[in-house]
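Here is how the chains run, residue by residue.
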Amino acid sequence: SQTIHQWPATLVQPVGSPLSLECTVEGTSNPNLYWYRQAAGRGLQLLFYSVGIGQISSEVPQNLSASRPQDRQFILSSKKLLLSDSGFYLCACQTGIQPQHFGDGTRLSIL
Amino acid sequence: AQSVTQLDSHVSVSEGTPVLLRCNYSSSYSPSLFWYVQHPNKGLQLLLKYTSAATLVKGINGFEAEFKKSETSFHLTKPSAHMSDAAEYFCVVSGSNQAGTALIFGKGTTLSVSS
């Protein structure tokens with residue numbers, strides 16, 4: 001079965017600092033990968049998705065970027081964090097027509 | 001375009017009583033519908049899914065949902081609530097089963113269970 005690893009679990013960063021969140025997947029090949037953000041009191045917002053190595057689609061304009069250097073690795077980055085980047089970031093994977101499977105998330109707080 | 005509306009932001013029940021979490025959807029395709037549960041500071045866990053087979057879908061932990069096309073609804077129910085059911089629940093729609101299709105999430109319903 002698929003396993004998604006996200007780290008770190010929690011992160012506190014100052015405004016203007018860089019960011020790198022990593023997501024790796026086990027137990028599947030050629031997955032579609034997704035980054036979501038969940039802000040306090042809101043639902044999930046899709047940020048990026050990828051259907052293959054080096055293929056990134058962005059759903060909303062923002063201060064973040066994503067990369068997929070390997071088949072089962074998905075990285076979320078920022079050069080300079082904003083206060084509005086605070087939230088709970090979730091990585092998800094999907095194979096074939098199966099439902100998306102989620103990692104345990106990273107809680108990001110910006111000070 | 002697809003959208004989903006969860007009609008209640010918060011539902012409170014007593015342990016042992018029925019649970020009803022309401023969801024309406026809008027889709028220009030034949031939709032796939034899901035319910036996910038999220039416990040505090042955790043990722044989302046799939047409860048159940050509807051993909052155009054039986055309209056009554058049974059999921060994990062005693063939950064089930066009924067797809068009603070005429071009412072564009074996909075309400076989640078459980079006959080008897082347990083304390084461990086307290087969590088955030090998301091109703092989700094997908095326009096198709098094709099690879100790379102992103103999910104559209106409702107804003108969530110917080111379920112509280114009292115003893």
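Each remark here, short or long, concerns the structure printed above.
In this text, all values refer to a predicted model and were calculated from it rather than measured experimentally. (Residues numbered from 1 in each chain as written. Chains lettered and ligands numbered in written order. Predicted model: local features only at pLDDT ≥ 70, side-chain atom pairs only at ≥ 80, totals over all residues. Heavy atoms only, no water.)

> Looking at this structure, how should I read the sheet that holds strand β3 (residues 19-26) of chain A?
Strand-to-strand pairing in sheets goes through backbone hydrogen bonds, with the strands running parallel or antiparallel. Residues and elements named next belong to chain A. Pairing is antiparallel in the open sheet, where four strands are placed in the order β1-β3-β8-β7. Two strands in the sheet have a free side with no partner beyond their single neighbour: β1 (3-7) and β7 (65-70). With strand direction ignored, the average angle separating the axes of adjacent strands in the sheet is 20°. (Pairing = 2+ DSSP bridges. Helix = DSSP H or I, 4+ residues; strand = E, 2+ residues; numbered from the N terminus. Axes fitted to C-alpha atoms, helices over the stretch in contact; angles between N-to-C directions.)

> Just to check I follow, could you spell out unusual backbone geometry for this structure?
The linkage connecting A:Trp7 with the following residue, A:Pro8, adopts the cis geometry, with an omega of 0°. Topologically, A:Pro8 is positioned in the loop between β1 and β2 (10-13). We note that A:Asn30 has phi near 55°; this positive angle belongs to a residue other than glycine. Among the secondary structure elements, A:Asn30 is positioned in the loop between β3 and β4 (32-38). According to the relative accessible area criterion, A:Asn30 is exposed, its value standing at 60%. Located in the positive-phi region is B:Asn61, a residue other than glycine, with phi close to 60°. Secondary-structure assignment places B:Asn61 in the loop between β7 (56-58) and β8 (64-68). (Buried < 20%, exposed > 50% of the residue type's maximum accessible area, 1.4 Å probe, protein only.)

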